[in-house]
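Spelled out from the first residue to the last, the chains are:
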Amino acid sequence: MKIICSKNSLLKSVSISLKAVPSKTTMPILECILIDATTNQIKFTTNDMELGIETIVEGTIEEKGMIALDAKILYEIIRRLPDNDVTIKTDDKLTAIITCEKAKFTIPGKSGEDFAYLPIIEREECLTVSQFTLKEMIRQTIFSIAANETNKLMTGELFEIKDNCLKIVSLDGHRIAIRRMELKKDYSDRKVVVPGKTLNEISKILSGEIDDLVNIYFSKNHILFEFDQTIVVSRLIEGEYFRIDQMLSSDYETKISINKKEFLDCIDRATLLVREGEKKPIIIEISDNTMELRIDSAMGSMDENIDIIKEGKDILIGFNPRFLIDALKVIDDETISIYLVNPKAPCFIRDDDENYTYLILPVNINQNQTR
């Protein structure tokens, strides 16, 4: 095999491919990038058996063939080469010679025949959305997935298509994040749970441009994303997702409108007094048209008032400040609405059209924290 590509196109493709290379594996072949130049295109493939990526590389094929090369070494070599054309040539002993200008690397390869190919997905009905929209919807929900794997379903996000609307949901037992988007045409109803790792990696690769599209295909066990000459295939998480509709009450006793930036900045200031890992709630007292925020810790205390517009009852409630910050950071609206019922019930931050909904459970505050 002999291929010639520019350093930039190689580096871009290797960087994308690395996202499906496992950090630990008992199968050394999975630590490789499969370079396939057996057809008229140069294709890079990686696969960690949960997530697989195939991307087309711009370049010239001088001799057809294929080889699997250690992904991390290949990345480091390409990254350090001069900005010029790079030649990758292999011999019959599966040795790869990588040259660029006066630099020459010789590294051992493995047979491409041993590589674990991506599963074949029937491309029947395709959901098409803009890359910008998908990237934003992931950004605005991914923070609510659970970090540990005690409940596998909580480590993924629900993708639900119903009534020509795409809904993405994540939750971790303390909060729920929901993003909705109207679809431009009719689609069959679907409900799948996509691993959070897959979505994190995809959002790093997506261009985020409004005019660039991504096609999404579903099968029984997999989801496929196709965009910019790249295919990403991921296993789905099996199981019935949580029934969240019963948690999403529209009843409230108190509704407030507040400037988002002012609220976020105030909570951010309060967390200066909380050490990493310390569970100190932020106390919120709503009365008349004022919200008072207080925090008390071993490092000191803080107290601040913010002007709000209030409907309904006064309330005193406590929250984990981190959960409020995570939700507020991803909301783009200048003014937000917060709905509360009582100090033990979750609060909802949502817009009028319910394009986004964030549910956050309060924390119990003891009497000496109230003042």
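Residues numbered from 1 in each chain as written. Predicted model: local features only at pLDDT ≥ 70, side-chain atom pairs only at ≥ 80, totals over all residues. Heavy atoms only, no water.

**So, the packing of helix H5 (residues 260-270) against helix H6 (residues 321-330)**
Taken N-terminus to C-terminus, the directions of H5 and H6 make an angle of 145°; their axes are 10 Å apart at the nearest point. In the packing of H5 onto H6, the handedness of the crossing is left-handed. Contacts between H5 and H6 pair Lys-260, Phe-263, Leu-264, Ile-267 and Asp-268 from the former with Pro-321, Leu-324, Ile-325, Leu-328 and Lys-329 from the latter. Its residues assigned to classes, the contact of H5 with H6 shows seven nonpolar, no polar and three charged. (Axes fitted to C-alpha atoms, helices over the stretch in contact; angles between N-to-C directions. Helix = DSSP H or I, 4+ residues; strand = E, 2+ residues; numbered from the N terminus. Left-handed = near helix turned anticlockwise from the far one by under 90°. Contact = heavy atoms within 4.5 Å. Nonpolar A, V, L, I, M, F, W, Y, C, P; charged D, E, K, R; others polar.)

**Topic: the UniProt feature "domain: DNA polymerase III beta sliding clamp N-terminal" (unreviewed entry) in the protein chain**
Following the UniProt record, one finds the feature "domain: DNA polymerase III beta sliding clamp N-terminal" (unreviewed entry) at residues 1-118. Secondary structure across residues 1-118 divides into 19% helix and 44% strand, with the first and last C-alpha atoms of the span separated by 22 Å. (UniProt positions renumbered as here; feature names shortened; annotations may be inferred.)

**Some thoughts on the pairing of strand E10 (residues 126-130)**
Within E10, four of the five residues are buried, leaving the element largely enclosed by the surrounding structure. One ladder, built from five bridges, connects E10 with strand E15 (residues 213-218); its direction is antiparallel. Opposite Thr-128, over in E15, you have Asn-215 as the bridge partner. (Buried < 20%, exposed > 50% of the residue type's maximum accessible area, 1.4 Å probe, protein only. Pairing = 2+ DSSP bridges.)

**Regarding the layout of surface pockets**
Put simply, the largest pocket is a space of about 630 Å³. Residue lining of the largest pocket: 21 residues in total, with Glu-278, Lys-279, Asn-320, Pro-321 and Arg-322 positioned closest to the centre. Examining the composition of the lining of the largest pocket, we find that four residues originate from one element, H6, more than from any other. Tallied by class, residues from the lining of the largest pocket come to nine nonpolar, six polar and six charged. Forming the walls of the second largest pocket are 23 residues, and the residues nearest its centre are Glu-160, Lys-167, Ile-244, Asp-245 and Leu-248. The element contributing the most residues to the lining of the second largest pocket is strand E11 (residues 156-162), with three residues. Here the lining of the second largest pocket is built from residues that sort into eight nonpolar, four polar and 11 charged. (1 Å grid on protein atoms, 1.4 Å probe; cavity = no way out; pocket = protein on both sides within 12 Å on 5 of 7 lines; lining within 4 Å. Points joined across faces, edges and corners; volume = space filled by probe spheres on them.)

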